[in-house]
Every structure is written in structure tokens, then in C-alpha cells.
Amino acid sequence: VYYTQFTPYEIRKFSPRGELLLTVHRENTYKRPRIERHGDGATVYSYSMSFCIVALDDGKFLNVSRYLPNDTDFTNAKTVLDLFDAEGRLLKSSVKEGRVSIRCRDAKGRLYAIEEHEVPEVVRYRLQLP
């Protein structure tokens, strides 16, 4: 079982019994969190967020995050695809313009994604694994 969050960038991997197996932290240099403190509480603006994790062959995993350069501009979203090895080391990071959502992985390991436009279109991305 995987858990991902964007602010701060963190991924956790758990065993089926709930034991924590791996924690990954990554410096988020492309989008700083917008947090407003209110006494003992806070408001976190979460227009930028992690969307999914896809388990790949050999224990690798792909974390998909989306961010907006400006919290009020929803048209210029970017999608970050971060590929990690089984030990949590970043192998490759790629930024795609627009809103890309990974929808499934087939038996041959191919990933299928949707590029969210006015009319969604289904595309397939082939990652070059190191």
C-alpha cells in the first residue's frame, strides 16, 4: 500500500499488515506550499497535490503530482512524473504541460493516461526506464 502527499513531498510504502516499509522525502523545488496561519490553526491551499502512485516492475513506482504555478490560474497546470526505484531513489523526473492523469497499467507494463482538455483524449506514455 502506498501513500503520497505533495506538501511536504512525501511517499510512504506499507506492508499488507500496515507496517511502514519505506518513507521517501523529496525537495519540492517547483512549488512552495501556500499556508496561512490562524492562531492555533492553519489553512493549506491544496490546488497542487499528489494524484496517484503506480506500482511498476522490480519494485519501482511512479508518483504523479500536479501543480499550479499560481493558485488562481487553473489553466496553466503542470504534471510531475517522478520515477523511483524500489529503495526510493529518484531515477527520473519529468514535467508535462497540462493536466495528465495516469489511468491504468496493462500486463506489459504500459501506462495509459488522460490529458485533460476541453474534450479528454486518451494517450499512452512510454517511460524510458534507466
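Residues numbered from 1 in each chain as written. Predicted model: local features only at pLDDT ≥ 70, side-chain atom pairs only at ≥ 80, totals over all residues. Heavy atoms only, no water.

1. Points about the sheet that holds strand 3 (residues 20-25)
The 3 strands lie next to each other as 1-2-3, forming an open sheet whose pairing is antiparallel. In this open sheet, the two strands that pair with only one neighbour each are strand 1 (2-5) and strand 3. Across the sheet, the axes of successive neighbouring strands diverge by a mean angle of 10 degrees, strand direction being ignored. (Pairing = 2+ DSSP bridges. Helix = DSSP H or I, 4+ residues; strand = E, 2+ residues; numbered from the N terminus. Axes fitted to C-alpha atoms, helices over the stretch in contact; angles between N-to-C directions.)

2. A few points about the confidence of the model for the protein chain
For the protein chain, the mean per-residue pLDDT works out to 79, and 76% of the residues sit at or above 70. Of all helices and strands in the protein chain, the one with the weakest mean pLDDT is strand 12 (residues 121-125) (59), whereas strand 3 scores best (94). (pLDDT = per-residue confidence, 0-100.)

3. Focus: the pattern of salt bridges
Taken as a whole, this structure holds 6 salt bridges when the rule is applied. Its salt-bridge partner being Arg12, residue Glu10 comes within 2.5 Å of it at the nearest N-O pair. Relative accessible area serves as the criterion here: at 9%, Glu10 is assigned to the buried category. By relative accessible area, which is 30% here, Arg12 ends up partly exposed. (Salt bridge = Lys/Arg side-chain N within 4 Å of Asp/Glu carboxyl O. Buried < 20%, exposed > 50% of the residue type's maximum accessible area, 1.4 Å probe, protein only.)

4. Thoughts on the nonpolar core
The nonpolar side chains of soluble globular proteins are, as a tendency, buried together. Counting 10 residues, the largest nonpolar core consists of Val54, Leu56, Leu62, Val64, Leu81, Leu83, Val100, Ile102, Leu111 and Ala113. If you list the elements that add at least two residues to this core, you get strand 7 (61-67), strand 8 (78-84), strand 10 (99-105) and strand 11 (111-116). Among the nonpolar cores identified, the runner-up in size contains 6 residues, and Ile11, Leu22, Phe61 and Phe84 belong to it. (Core = buried A, V, L, I, M, F, W, Y, C linked by side-chain atoms within 4.5 Å.)

5. Let's talk about the packing of aromatic side chains
What the rule picks out here adds up to 2 aromatic pairs. When the centroid spacing of 5.2 Å and the interplanar angle of 45 degrees are considered together, the rings of Tyr2 and Phe61 count as tilted. On the criterion of sequence distance, the pair formed by Tyr2 in strand 1 and Phe61 in strand 7 is long-range, its members being 59 residues apart. With a relative accessible area of 0%, Phe61 lands in the buried category. The ring of Tyr9 has Arg26 lying over it, and the distance from NZ or CZ to the ring centre is 5.9 Å. (Phe/Tyr/Trp six-rings, centres within 6.5 Å; stacked < 30°, edge-to-face > 60°. Lys NZ or Arg CZ within 6 Å of the ring centre and 35° of its normal.)

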